[in-house]
Amino acid sequence: MSQFRIPGKGRVKHDEKVTFSFDGRRYEGLRGDTVASALLAHGIHLMGRSFKYHRPRGPVTADSAEPNALIGTSRGAGRFEPNTRATVQELREGLMCESQNRLGALSFDLGAVNDALHPLFPAGFYYKTFMWPRSFWDRLYEPVIRRAAGLGRAPSEVDPDRYASRYLHTDLLVVGGGPAGIAAALEAARAGVRVTLVDETPEMGGSLLSDPEVEIDGQAAWDWLAAALDELRARGVRLMTRTTAIGYYHQNMIGLCEKLTDHLDTLPENAPRERMWRVRATRVVLAQGALEKPLVFHGNDRPGVMLAGAAQSYLHRWGVKVGERAVIVTSHDSAWHAAFDLAEAGTKIVAIVDTRAALADELRAEARVRGIEVLAGHTVTGTRGRLRVASVTVNPVENGRVGDPRMLHCDCLLMSGGWTPSLHLFSHTKGSLQWDEASRTFLPGRMTEDCHIAGAGRGLWGYLDALSDGAEAGAAAARALGHAVEPTGFAVAHDRPGTGESHKELPTDRRSHRVRAFVDFQNDVTAKDLRLAVREGMRSIEHVKRYTTNGMATDQGKMSNINGLMIASDAVGKAPPEVGLTTFRPPYTPTSFGAFAGYKRGATFEVTRATPIDAFAEANGAVFEPVSLWRRAWYFPQGGEDMEAAVARECLATRGGVGIFDASTLGKIEVAGPDAVEFMNRMYTNPWTKLAPGRCRYGVLLGEDGYIRDDGVIGRLSDDLFHVTTTTGGAARVLNMMEDYLQTEWPDLDVWLTSTTEQWATVALNGPKAREVLDGLVEGVDISAEAMPHMSVAECRVAGFRARLFRLSFTGELGFEVNVPARHGLALWEALMEAGKPHGITPYGTETMHVLRAEKGFIIVGQDTDGTVTPDDAGLGWAIGKKKPDFVGKRSLARPDLVAGGRKQLVGLMTEDGAVKLEEGAQIVLDPDQPKPMKMVGHVTSSYRSATLGRSIAMALIEDGRAREGETVHVPMPDGVVRAKVTSTMFYDPDGERLKL
Amino acid sequence: MLLIHCPYCDQTLPEAEFAYAGEAHIARPEDPSQLSDEEWRDFLFIRSNLKGPHFERWRHVHGCARFFNAVRDTVSDRFLLTYRAGEPRPDLSTPEAAQ
Amino acid sequence: MTRYSAFAVVKNALTGHKGWREQWPDAEPKKEYDVIIVGAGGHGLGAAYYLAREHGITNVAVIDKGWLGGGNTGRNTTIIRSNYLYDESAKLYDHALDLWDGLSQELNYNVMFSRRGVMMLAHNVHDVQSFQRHVHSNRLNGVDNRWLSPEEAKAFCPPLNISKDARYPVMGAALQMRAGTARHDAVAWGYARAAAARGVDIIQNCPVIAIRRGPDGAVTGVDTAKGFIGAKKVAVSAAGHTSVVMQSAGVRMPLESFPLQALVSEPVKPVFPCVVMSNTVHAYISQSDKGELVIGSGTDQYTSYSQRGGLPLIEHTVAAICEVFPIFNRMRMLRKWGGIVDVTPDRSAIIGKTPVKNLFVNCGWGTGGFKATPGAAHTLAHTVATGEPHPINAPFTLDRFRTGRLIDEAAAAAVAH
């Protein structure tokens, strides 16, 4: 048995040992321990080093507000996490822990040299120095600062764990499983409300777990607790432990992070480590209790100096005495009870030092009974001890004068500066906080959400008040939900109500610049730093916080904010609310990235859309490229071909015979109804009225700003039905835009829009032999050149499937696009492959598609246009219906800058040396010898090696490009200037002879 | 995540089902060609960007797919009311609207 | 102004740091100023500083509804870069970068400008084309930016996942070496101190209720919570609240204000040497000198002044970071916060004159205002002092929304096709 463990005491399992290691040494603890309680049971307080001065530190709390005892925790490969609070991490078999932020051993940290030099490092010192010589900042100062900063080391391996997320709808969410929260849940559940009760610790009960002497309704606290939890369970209340309410979002949406495996000895197969719950609650009760405040005095950060309430928790919950000889220093009654409980357990209470002169008689009497010396009206002016507090100096204070010191030997110093309501979640709602001068604390003010605050969170103290207030909050919530209810009362015996006073720094007899009284332990911010900040003109708490880093540690100011505010407001000379309170931000406690990411990881980070023909590409060795959410076959390498070789082969095969291409990702929209043609006329630049059923047209869609948004071939199937195709990435956007105009601008038009992208699988056949391949498979339509000319569409059957067959070409070759219901896509593909075998049919991917279309000068919206290109810029002026009075974007085309000269126009580019391929994105200049910054006249939008032409080709947007046809322009590259001639964009078969096959 | 009442579905549903669609009651002019450059700029780009009750459009994109109008307080993000596209702009000064 | 130096720190260390004076006085408004700047962020304070230093105009007040530096200056992810595509943008941001370079020394305030490199990841063929276009354009504009292979990117930033099996594989990256980060608060404080030392009044907690105009239409001053303050010229530099302030002068703006969220992790020892941006997955990350991973996300979809922002967007941002840097999965988020960013239709800023005589505006910085701070401040000061724009901010007019001469960086990045 460890020296400081009291046999049989606490809620730990004394018969179940758990071994763990700390800095490589093995220790034994008990089931139910935290790392901190287990180490304290071995008499170990030194658990970490502070951020700036590397001062030795031990736990100051027993909960999630811990600023000091941060450790690295690990359970093997990939499962390491830094900055774990030892006061929260439950012991598990084999848990490996390491201390942080030290150079050398924890007990002999070379980094502590900073502590010796502390006068050089006051708040904000780095703003005033490290400026000379200038070049040293990057090379010396900053690297040194960065290495010194940080706490733990980052993980270095990929996390093998899973994370989950769920939605939950509940009538009432109660945050905090202490007496107020339990009373609220009980009251509401009894009224028939669906309740969810959450608590961040492994066990419901809150402060009751640390106060077993209290009696509620005639039962001992822990018996009452067990019965209450049984009743809650019986009434169907969802009880969630190890579950932190991390953030309070709009309209009562609360994020909960539930920890599922960090406390388990062995990991269950496939169990998520944490689960993020997005809870939508009709009402919320916040019963988060209060946080005990440290006192601010010289040496208040030494290991062994701890909050009195924490010591009480270690005693009652974990059966651990935090020391043999304790001095209590307090400004609140609550610490007296901690002292009495420790005394009962055998810790020698050297003295109770209270800053107040006037003390309750009962407290004095109880101290007298236990033989505890009481020093009323005293202050603490210092502590001693290198790695653990060994003595404390106390002085009487009379009329503001600090009297003679007296040294008290001890091995722990338990402090309490009173309590501050935990209003973090309330603060997330942007609810206002009100300063209460009587209790010198902030209380909840105006609510912005449907919530109630109960118990210590509203500044109430004592169990009777907490229970009654909780029940009232539960009843109020139930009433708001339409249930009639009168809250039940409670009878509480051995209650521990109390009062206290609030402080800035404690008075001292030391010279002020020699006082090191810590306010933010982790960030090493002292009261002196705060006063310096105010002296330097930082008059708002937000400035003080940022200048000193007070409250910016991983406890988010839970320990430091209120003390910091008291000191700052004293220094400014204004009341605390005028100096302000910094806003608390989500999450309530630090929360794993993994929990936020949840399932959005790897393949499920975002869906990958695959076409019905994807399986063929996969089986035939295609290399894929991501295009918006799709994956598309990029090219089909054969026998070790690289991309260039594969693409050259695919291009030649298509132009020489027949190629087959999966075009299923193209967006498809059906525009149907009596007014379909009018709608098309208004949306697209082109005229549609005269397009006969059975024919197609290339359509251009602009934004209202006049720039090209999308394009595609559009077939008219009947008078009142258009089959619109869009770019792959544009499908959803175009439909949204069409719906917007149809629903809100032209509701008078009788038109229906339907997305059919997923309904059709689309296979493109291109090449002089395309018709031969298709011939035997088509039923119901004559596909001869005469019967089905270029830019036609027909409904028919292909390979036995109902089909919409387009004759169109994005390659310049004879081309067909066969649309069949998606479920038949693969079968169609295979039938075409089979039929094409005698003709050497060749599957090709998106890269070949890009090359073939570029050879013909067809644009890709988004590549050859960039959202600043008009139809005329792109050489598509012909696609504008000149006689149409209006269409989307038309008015913008007449704006001064869109009709001005010098616009960039799409042209072709041929490098003088056809073996040289320009880089896409390369910039074009007229004078390559000019100095930088150069006058650039355009850029290369598309560039390929054309196997067909045996040379490179490119397209470019160039100022007044069409007028420069025939001119030579220059493309300055890092390794030399490339000369290129401006040409037409039509590199191959400019007269379109091949389409006429 | 906001909760939004779709006036077509008559259901209050999470923001994830909806897409914001900009300020409301900016009608496309009947004949844009008659507008001066300044007027056309105002239609295209000028927005009230109010701090407080803001008339705006949403689309129930993962539901009925309808566009509708809403008044939302841009300070609290709370919706004051939603109504169907085409309905007149509500007068917020009336007592019913104020509720 | 007490001069800051290592020597001064040592000297003060011996005397308990009693010798430090306030960095700027909390001024009460005078009756009239030559120039009033609305908005005491980095841009507004910087403009006041440059008005005083470069143009000798010191009868200047900077007025803010809250505390100086409390808006987007103190809420951003501090990324500084200039590798923009269009000549206009590249020149403006590169001008800012030049000023960043000596800013600590100029202000005698260490703003910790850290040239650690900003790397922009390409995740698909379209990104590659777009970023290479940037690289080429920047090269000819004399702006540093170079192309890295996935392996080179990984060598520069070891936590990067360059597995080809990733949902969004890294296909390359554009790296601007001169780019980096700075300490955001120090920028506001440094400008405030230097401006105050030249006689500028900084008036905090004084909301501007309206801009007042005279019978001739010209600006005469501002009505504030502390009463009317006269001014010969007024410049509005109020970020998300610019529309509201300008509306009071009868000027309607092409702006919308959106929530933008950012977050930091718990601090850890140096693990992330540079800044990485991924537009495709919408995530931006660096590590502060304090050790926190600083992560930015995209804007929420709706306009808002609530500074709240929703959980889903943050979940997406963190997921994106873990996707690109899977070793960070077990890191913990320490806090997240929201700002209000004012966005123009072409995502570029407006710095210049307005239809109202002697009223100037600097706004529309969207998610990218911090990096421009010295450049925006410098050119705004020039415009206010001379009444005409500096050549660098001349293209960033309000009038471009009439003529159509937009500077559309976002459109130029286009969308996947």
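The rules behind these values
Residues numbered from 1 in each chain as written. Chains lettered and ligands numbered in written order. Predicted model: local features only at pLDDT ≥ 70, side-chain atom pairs only at ≥ 80, totals over all residues. Heavy atoms only, no water. UniProt positions renumbered as here; feature names shortened; annotations may be inferred. Helix = DSSP H or I, 4+ residues; strand = E, 2+ residues; numbered from the N terminus. Areas by Shrake-Rupley, 256 points an atom, 1.4 Å probe, with all protein chains shown as cover. Lys, Arg positive; Asp, Glu negative; His and termini not counted. Charge placed at Lys NZ, Arg CZ, Asp CG, Glu CD. Pairing = 2+ DSSP bridges. Axes fitted to C-alpha atoms, helices over the stretch in contact; angles between N-to-C directions. Contact = heavy atoms within 4.5 Å. Core = buried A, V, L, I, M, F, W, Y, C linked by side-chain atoms within 4.5 Å. Buried < 20%, exposed > 50% of the residue type's maximum accessible area, 1.4 Å probe, protein only. Left-handed = near helix turned anticlockwise from the far one by under 90°. Nonpolar A, V, L, I, M, F, W, Y, C, P; charged D, E, K, R; others polar. Patch = residues over 30% accessible without salt bridge, like charges linked within 9 Å, V, L, I, M, F, W, Y side chains within 5 Å. Salt bridge = Lys/Arg side-chain N within 4 Å of Asp/Glu carboxyl O. Buried area = accessible area lost by both parts, 1.4 Å probe. Parallel < 35°, antiparallel > 145°, perpendicular 65-115°, else oblique.

Labelled according to an unreviewed UniProt entry, chain B appears under the name Sarcosine oxidase subunit delta, originating from Limimaricola pyoseonensis.

Under the annotation held in an unreviewed UniProt entry, chain A carries the name Sarcosine oxidase subunit alpha and is attributed to Limimaricola pyoseonensis. Quoted verbatim from the Sequence similarities (unreviewed entry) field of UniProt, the annotation for chain A is "Belongs to the GcvT family."

Comments concerning the overall build of chain B
Counting secondary structure elements, chain B contains two helices and six strands. Secondary structure elements in chain B, listed N-terminal to C-terminal, are β-β-β-α-β-β-β-α. Referenced to the eigenvectors of the C-alpha coordinate spread, the extents of chain B come out at roughly 40 × 30 × 20 Å. With an accessible surface of roughly 4,700 Å², chain B has 49% of that area assigned to carbon and sulfur atoms. Here chain B contributes 11 positive and 16 negative side-chain charges, whose respective centroids are spaced 4 Å apart.

Here we look at unusual backbone geometry
At the junction of A:Trp132 and A:Pro133, the peptide bond is cis and its omega measures out at -15° in the coordinates. Looking at the element boundaries, A:Pro133 is found in the loop between helix H3 (125–128) and helix H4 (136–148). Of note, C:Arg347 is a non-glycine position whose phi angle comes to about 65°, a positive value. Within the fold, C:Arg347 resides in the loop between strand S16 (332–343) and strand S17 (350–353).

Observations concerning the sheet that holds strand S19 (residues 305–307) of chain A
All names here are of chain A. The five strands are arranged S19-S27-S20-S21-S22 in an open sheet whose pairing can be described as parallel. Two strands lie at the open edges of the sheet, namely S19 and strand S22 (374–376), each paired on one side alone. Ignoring which end each strand starts from, the neighbouring axes of this sheet average 20° apart. One ladder, built from five bridges, connects strand S20 (residues 325–330) with strand S27 (residues 412–416); its direction is parallel. Residue pairing for S27: Ile328 is matched across the bridge by Leu414. This element, helix H8 (residues 334–344), spans S20, strand S21 (348–354), S22 and S27 of the sheet and lies at about 170° to S21.

With respect to the nonpolar core
Ranked by size, the top nonpolar core spans 167 residues in total, and within it A:Tyr314, A:Leu414 and C:Trp100 carry the most contacts. Discounting chain neighbours no more than four positions away, the residues touching A:Leu414 are A:Met306, A:Ala308, A:Ala311, A:Val322, A:Ala326, A:Val327, A:Ile328, A:Val329 and A:Leu342. Core analysis: the second largest hydrophobic core is formed by 46 residues, A:Cys257, A:Ala595, B:Met1 and C:Leu293 among them.

Notes on the UniProt feature "domain: Aminomethyltransferase C-terminal" (unreviewed entry) in chain A
Mapped onto this numbering, the UniProt entry annotates "domain: Aminomethyltransferase C-terminal" (unreviewed entry) at residues 904–989 of chain A. As annotated, residues 904–989 of chain A comprises 0% helix and 52% strand, and the C-alpha atoms at either end are separated by 25 Å.

Here's the deal with the packing of helix H5 (residues 179–190) of chain A against helix H11 (residues 463–480) of chain A
Residue and element names in this part refer to chain A. Close contact between H5 and H11 brings their axes to 7 Å; oriented N to C, the two are set at 35°. Crossing handedness for the pair H5 and H11: right-handed. Listed contacts from H11 to Pro179, Ala180, Ala183, Ala184, Glu187 and Ala188 of H5 are Tyr463, Ala466, Leu467, Gly470, Ala471, Gly474, Ala475 and Ala478. Broken down by class, the residue content of the contact of H5 with H11 amounts to 11 nonpolar, two polar and one charged.

So, the sheet that holds strand S39 (residues 667–672) of chain A
Strand pairing in a sheet takes place through backbone hydrogen bonds and is either antiparallel or parallel in direction. All names here are of chain A. Read from one edge of the open sheet, five strands run S40-S41-S42-S39-S43, paired in antiparallel fashion. The open sheet has two edge strands, strand S40 (696–702) and strand S43 (752–755), and neither has a second partner. Recorded for the sheet is a direction-independent mean angle of 25° between the axes of neighbouring strands. Two strands pair when backbone bridges link them, and S39 and S43 are joined in this way by four bridges, in the antiparallel orientation. Within S43, the position partnered with Glu670 by the bridge is Thr754. Strand contacts of helix H20 (residues 731–745): S39, S40, strand S41 (708–718), strand S42 (721–726) and S43, with the helix running at about 20° to S39, the strand carrying the most contacts.

Things to note about the UniProt feature "domain: GCVT N-terminal" (unreviewed entry) in chain A
According to UniProt, the positions carrying the feature "domain: GCVT N-terminal" (unreviewed entry) are residues 617–884 of chain A. What you have in residues 617–884 of chain A is 25% helix and 30% strand, and the ends, taken at the C-alpha atoms, are 44 Å apart.

So, a positive patch on the surface
All names here are of chain A. On the surface, Arg384, Arg510, Arg511 and Arg514 cluster together into a positively charged patch. Secondary-structure assignment places Arg511 in the loop between strand S32 (492–493) and strand S33 (518–520). We classify Arg511 as exposed; its relative accessible area is 59%.

Focus: the interface of chain B and chain C
In this complex, chain B contributes 24 residues to the contact, which on the side of chain C involves 25 residues. Summed over both partners, the interface of chain B with chain C comes to about 2,100 Å²; 51% of that surface belongs to carbon and sulfur atoms. Considering only the surface of chain B that becomes buried against chain C, B:Phe45, B:Asn49 and B:Lys51 emerge as the three largest contributors, covering 31% of it. Where chain B packs against chain C, one counts one salt bridge. For C:Arg402, the salt bridge is made with B:Glu38, and the minimal N-O distance between the two is 3.8 Å. Elements with a minimum of two residues in the side of chain B that touches chain C: strand S3 (19–23), helix H1 (37–45) and strand S4 (53–59) of chain B.

Quick word on the packing of H8(A) against helix H9 (residues 361–369) of chain A
Residues and elements named next belong to chain A. The contact between H8 and H9 brings their axes to 11 Å, and the two run at 20°. The angle between H8 and H9 places the two elements in the roughly parallel class. H8 and H9 meet at a crossing whose hand is left-handed. Across the interface between the two elements, Trp336, His337 and Phe340 of H8 pack against Leu363, Arg364, Glu366 and Ala367 of H9. Partitioned by chemical class, the residues of the contact of H8 with H9 number four nonpolar, one polar and two charged.

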